[in-house]
Amino acid sequence: MISKRGFLTGAVAMAGIAMTSRLHAGAASDPRLPNGPDVKPISREEYAARIAKLQGLMREAGIGALIVESGSSLRYFTGIEWWRSERVTAAIIPADGDTVVVTPAFEEPSVRETLRIPAEVRPWDEDQSPELRMAGVLVDRKVPKGKIAIEPTSRFFIFDALRKQASDWEVVSGEALVNRCRQIKSPAELALMQRANDITMAALRYVHGEIKPGMTQQDIASLMDKTSAAMGGPPEFSLVLLNEASAYPHGSAQPQAVREGSVILMDCGAQVHGYQSDISRSWVYGEPSARQRKVWDTVKRGQEIALEVARIGTPVGAIDDAVRAFYTREGWGPGYRLPGLSHRTGHGIGLDGHESPYLVHGDDTRLEEGMCFSDEPGLYIPGEFGIRLEDCWHMTASGPKLFTPLAKSIDQPV
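This text gives an overview of the structure that appears in the document. Computed from a prediction, not measured in an experiment: that's the story for all the values here.

1. A short note on the pairing of strand S8 (residues 263-272)
Here S8 lies mainly inside the structure; 10 of its 10 residues are buried. Judged by which residues are buried, S8 turns out to be covered on both faces: Val263, Leu265, Asp267, Gly269 and Gln271 on one side and Ile264, Met266, Cys268, Ala270 and Val272 on the other are all buried. Judged from the seven bridges that link them, strand S7 (residues 235-242) and S8 form a sheet pairing that is antiparallel. Note that in S8 the partner of Leu239 across the bridge is Asp267. Judged from the six bridges that link them, S8 and strand S10 (residues 279-284) form a sheet pairing that is antiparallel. Among the inter-strand pairings, Ile264 is bridged to a residue of S10, identified as Trp283. Pairing of S8 with strand S9 (residues 275-276), which is carried by two bridges, proceeds in the antiparallel orientation.

2. Focus: the pattern of salt bridges
Taken as a whole and assessed by the stated rule, the structure comprises 30 salt bridges. Between Glu81 and Arg75 there is a salt bridge, with the nearest N and O atoms lying 3.5 Å from each other. Note that Glu304 is salt-bridged to Arg301, the shortest N-O span being 3.2 Å. In this pair, Glu304 and Arg301 are both assigned in helix H10 (residues 290-309), three residues apart and thus about one turn of the helix distant. The class for Arg301 is partly exposed, based on a relative accessible area of 30%. One network of salt bridges, with partners in common, ties together Glu69, Arg84, Glu151 and Arg155.

3. Concerning empty space enclosed by the protein
The full count for this structure, using the stated rule, is one cavity of 30 Å³ or more. Here the largest cavity defines a volume of roughly 30 Å³. When contributions to the lining of the largest cavity are tallied by element, the ones reaching two or more residues are helix H9 (217-230), S7 and S8. A per-class count over the lining of the largest cavity returns five nonpolar, four polar and one charged.

Rules used throughout
Residues numbered from 1 in each chain as written. Predicted model: local features only at pLDDT ≥ 70, side-chain atom pairs only at ≥ 80, totals over all residues. Heavy atoms only, no water. Buried < 20%, exposed > 50% of the residue type's maximum accessible area, 1.4 Å probe, protein only. Helix = DSSP H or I, 4+ residues; strand = E, 2+ residues; numbered from the N terminus. Pairing = 2+ DSSP bridges. Salt bridge = Lys/Arg side-chain N within 4 Å of Asp/Glu carboxyl O. 1 Å grid on protein atoms, 1.4 Å probe; cavity = no way out; pocket = protein on both sides within 12 Å on 5 of 7 lines; lining within 4 Å. Points joined across faces, edges and corners; volume = space filled by probe spheres on them. Nonpolar A, V, L, I, M, F, W, Y, C, P; charged D, E, K, R; others polar.

Listed below in structure tokens is the structure:
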């Protein structure tokens, strides 16, 4: 076992392969499914470069160390794949010197399995304080008195105990440090994200052709999960919204089934070595109405405008502003009001499905080469239906580059 999450996604993948083979004979060999090249996980050399970059940023900022608890940032900097529980596993990354990992003693062998950087591991027993262990690391590594940073998603009880145990240091947010590292994706990261997107797109193409009247949102989501897993992309999520439920971006608990004229909205993602995809497609089962076609075409144009505005140095919030201005001219909104676009135009993506920066009004982060985002300016009409189209892209020196092509039309959504 590497981690609870890793164990579960691995189990899902194995079950998906078997179940898809039994229940959907021939799916794995269907010509709509990809046979792309294998991609490699992040190398030890890249992990070392990440630590070196972080340490340089800490020295520039006058910060003596960064504390990173379990989660995607711990994986990003150390390779350790571990879940969060009341038992703390965390890394102390000093501005100078090797990293130290603090973890429960009985978890040490499992934690070491995915550790990809030179690091000391200091276990703690059940009757001991992990935060006291962290404070001891600061003393032993002679971290200068002053500021230490904590990864921004870390839980309050860790922050609270740490500032008491390490009272000689001021504990500050490490958000700026982490963002400067994680927001810019390397070629290896982009390759993993490309593979995840390829798998999700191909699985959507397969599922699109298998939908029949009477299928529920659970039926379709289960088929999507099995297909994605069979292709080597353990599913992160498969959200399926049918009919009126499509007007609510994250769905409804009400029973839903496919019928003639149903709007079908699918929002799905997989992961490859931790890096995620996020793709949405909307279409109509049967013949779309003129209103459905108009809304679909408007959303497609919204996606295009987002990509047209994206240029190196542009504040990411300006992308959301441009799309929202177009929608307002078309009679939607204004702003975030419904019927219209009630959520941001997009979000950063990488090891997390949602990460900074965000394509939302007011975010003044400047676009840089290597940043990755979703492009999903949906339109939602409560009581009727919603349309969301979503593709992910990364910023290059010459402009945005899509991982997947935009949908062609409501009749050819995949």
